[in-house]
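# Architecture and fold: a report
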Amino acid sequence: MIEVKPVRRVELSLWQKTYYPELWKGMLVTSRHFFVNLGRHVGRSLGFKTKPARVTIMYPEERRPISPRWRGRHRLMLRPDGSPRCVACMMCETACPDLCIYITAGESPDGRVEKYPVAFEIDLLRCCFCGLCVEACPEDAIRMDTGYLELASYSRAEFYVDREFLMHGSILTTHSQYAGELDGRPAHRIDLVKLARGH
Amino acid sequence: MWLDLGLIVGKIAVAFTGIITGAFVLTWAERKQSALISDRIGANRAAILGIKLLGLINSVADAMKMVFKEDFLPPKGLRFLHAMAPVFAMFPVFMTFAVLPFGPPISIGDRIVPLQILQLDIGVLYILAFGSIAVYGVMLAGWASNNKYSLIGGMRATAQMISYELIIGLSLIGPILVYGSLDPGVMATAQNEYLWGWIPKWGIIVQPIAFLLFLPAAMAETKRAPFDLPEGESEIIGFATEYSGMRWGMFFLGEFAEIVVLAAVLATVFLGSYQVPFLFDGGEMAGLAGFHFPWGAYVPLGEWVVVALRVFSFGFKVLVLMWLQMQIRWTFPRFRYDQLMRVSWREMMPIALLNIGVTALIIRLVS
């Protein structure tokens, strides 16, 4: 049984339908804002202590406190010896709803772990910063740092971040710098991954 | 002969400077006023050597940007008309100002010089004529863009212009009947008369309904919110979509100039033009220039002080009306197109006609 809730349209009274009186009421509201704020600005510039006339945060100079739960940029956590904590289990890649994580696994030189990420790339432009990769990770290898607001760049390529960037937060390293680790496989798995996933 | 020519050129220069300055200030006021209304700060970043002038430098930066922006012509667009459309949109606006007096007639030596570029017996018709020509620019812009949406934007503008030009014409008939003249100069002089000796016989007092009809109708002519259906900046594809850089800027400079001119027309017809209540010059009061209050008080003032006060009062009224139009623009939501048409044809027109009838009847009964 579908419950029907009739939505009653609010009928305007004749007074409201004449339009003009209601318009002037609106004008009173905006004019009050205008004159009160103007008075505050003038008062401030003359050196009086008045209430601030704005709610604007003057962004680059003034910053709003960021919540500690804010999910900013990704970070790959390190072991004490500096190698990535990631074991290339592909859990985050699987959990990612945007399919923006691309991992290439390789055999780890460290005998205690089986695999390690030869390439770990995130397309930040696809990422929706949902944090599911962080939830999915069994090794606590991927985290999202709080405090990062300015994810801005002049090119799309710079948003395609690689393992070195995620580990050290440094500027982008080129693939050629660790191409030797790739063991003959293509450094850019992205096209293959896209083909396999049908997008 | 040379003196006459010099005077005319001088008056044109004053009027032109006035409009351009007004339009320039409006580009700044548009941003600052909207900011104040919504508790923001507004333009405050551009600076020359650290001097921001309350954001006025932003207007300069805007102008610089527009001048150096790419001038785009769509493929298969009509080059000549595309280039000329902004001119057609701006030119009539400046022409309109010619018949509006911005001060009282002044006497230089033995000649009397009216502070009005063109003393025209059909001044109001002239204003209406140039007001209607202004839409040609918009229509041509839509047509020359080779873009059917721009063309539709131009068509919307034309339909809107016709609908509201009608209201403007009808609402101005009331004041014309009251003052018995089509010359804005005569209208200005007539507004220094007083009802029962103490109420200034300004247009807004003898013709309040005409004022309430003229204000929105004239705002619809400037194509600004709440009547900005031809352009509708971000939501509706308007006539100026295919325009960039300074050509686009000219459309909007024209729009701002239109606001200044509109404020001047409103002040002239409805707010006593350059008149200040109870201020008379020597010619009107047997050589006793100054304030003559109805309860007998008399404040003597020099002849030139009276002139200065009157010119100032005109400028002040224009400024207040410019502010009012900005405030309206930032207060009211946009009309839907059918509402726009309905307001004009079915609601404002009967009231305008009724106003004319009642005015004519009263004038017949009084005289």
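Presented here is a report on the structure given in the accompanying data block. As the structure is a computational prediction, the values presented were derived from the model and not from experiment.

### Concerning the pattern of salt bridges
All names here are of chain B. Applying the stated criterion across every chain yields a total of 17 salt bridges over all chains. Across the salt bridge formed by Arg 329 and Glu 30, the nearest N and O atoms sit 3.4 Å from each other. With a gap of 299 residues between them, Arg 329 in helix H10 (residues 303-329) and Glu 30 in helix H1 (residues 2-37) connect regions that are remote in the sequence. Owing to a relative accessible area of 11%, Arg 329 belongs among the buried residues under this scheme. Residue Glu 30 is classed as buried on the basis of its relative accessible area of 11%. One network of salt bridges, with partners in common, ties together Glu 30, Arg 224, Glu 255 and Arg 329.

### Description of the interface of chain A and chain B
Taken together, the contact pairs 21 residues of chain A with 18 residues of chain B. Of the roughly 1800 Å² buried where chain A meets chain B, counting both sides, 68% is carbon and sulfur surface. On the chain A side of the interface with chain B, the three residues burying the most area are A:Tyr20, A:Met27 and A:Phe34, jointly 31% of the side's total. At the boundary of chain A and chain B, one finds zero salt bridges. For the side of chain A that touches chain B, the residue count by class is 12 nonpolar, seven polar and two charged.

### Details of a nonpolar patch on the surface
All names here are of chain B. A cluster of nonpolar side chains, Phe 24, Val 25, Val 60, Met 64, Val 67, Phe 68 and Met 246, forms an exposed patch at the surface whose accessible area comes to about 630 Å². Put simply, the parts of the chain that give the nonpolar patch at least two residues each are H1 and helix H2 (56-68). When residues of the nonpolar patch are assigned to their parent elements, the largest contribution, four residues, is made by H2. Tracing the backbone through its elements, the reader meets Val 67 in helix H2.

### Points about the sheet that holds strand S2 (residues 101-107) of chain A
Residue and element names in this part refer to chain A. Ordered in space as S2-S3-S5, the three strands form an open sheet in which the pairing is antiparallel. Of all the strands in the sheet, the pair left with one neighbour each is S2 and strand S5 (160-161). Examined bridge by bridge, strand S3 (residues 115-123) and S5 share two bridges and lie antiparallel to one another. By the bridge assignment for S5, Ile 122 is matched with Val 161.

Scoring rules and cut-offs
Residues numbered from 1 in each chain as written. Chains lettered and ligands numbered in written order. Predicted model: local features only at pLDDT ≥ 70, side-chain atom pairs only at ≥ 80, totals over all residues. Heavy atoms only, no water. Salt bridge = Lys/Arg side-chain N within 4 Å of Asp/Glu carboxyl O. Helix = DSSP H or I, 4+ residues; strand = E, 2+ residues; numbered from the N terminus. Buried < 20%, exposed > 50% of the residue type's maximum accessible area, 1.4 Å probe, protein only. Contact = heavy atoms within 4.5 Å. Buried area = accessible area lost by both parts, 1.4 Å probe. Nonpolar A, V, L, I, M, F, W, Y, C, P; charged D, E, K, R; others polar. Patch = residues over 30% accessible without salt bridge, like charges linked within 9 Å, V, L, I, M, F, W, Y side chains within 5 Å. Areas by Shrake-Rupley, 256 points an atom, 1.4 Å probe, with all protein chains shown as cover. Pairing = 2+ DSSP bridges.

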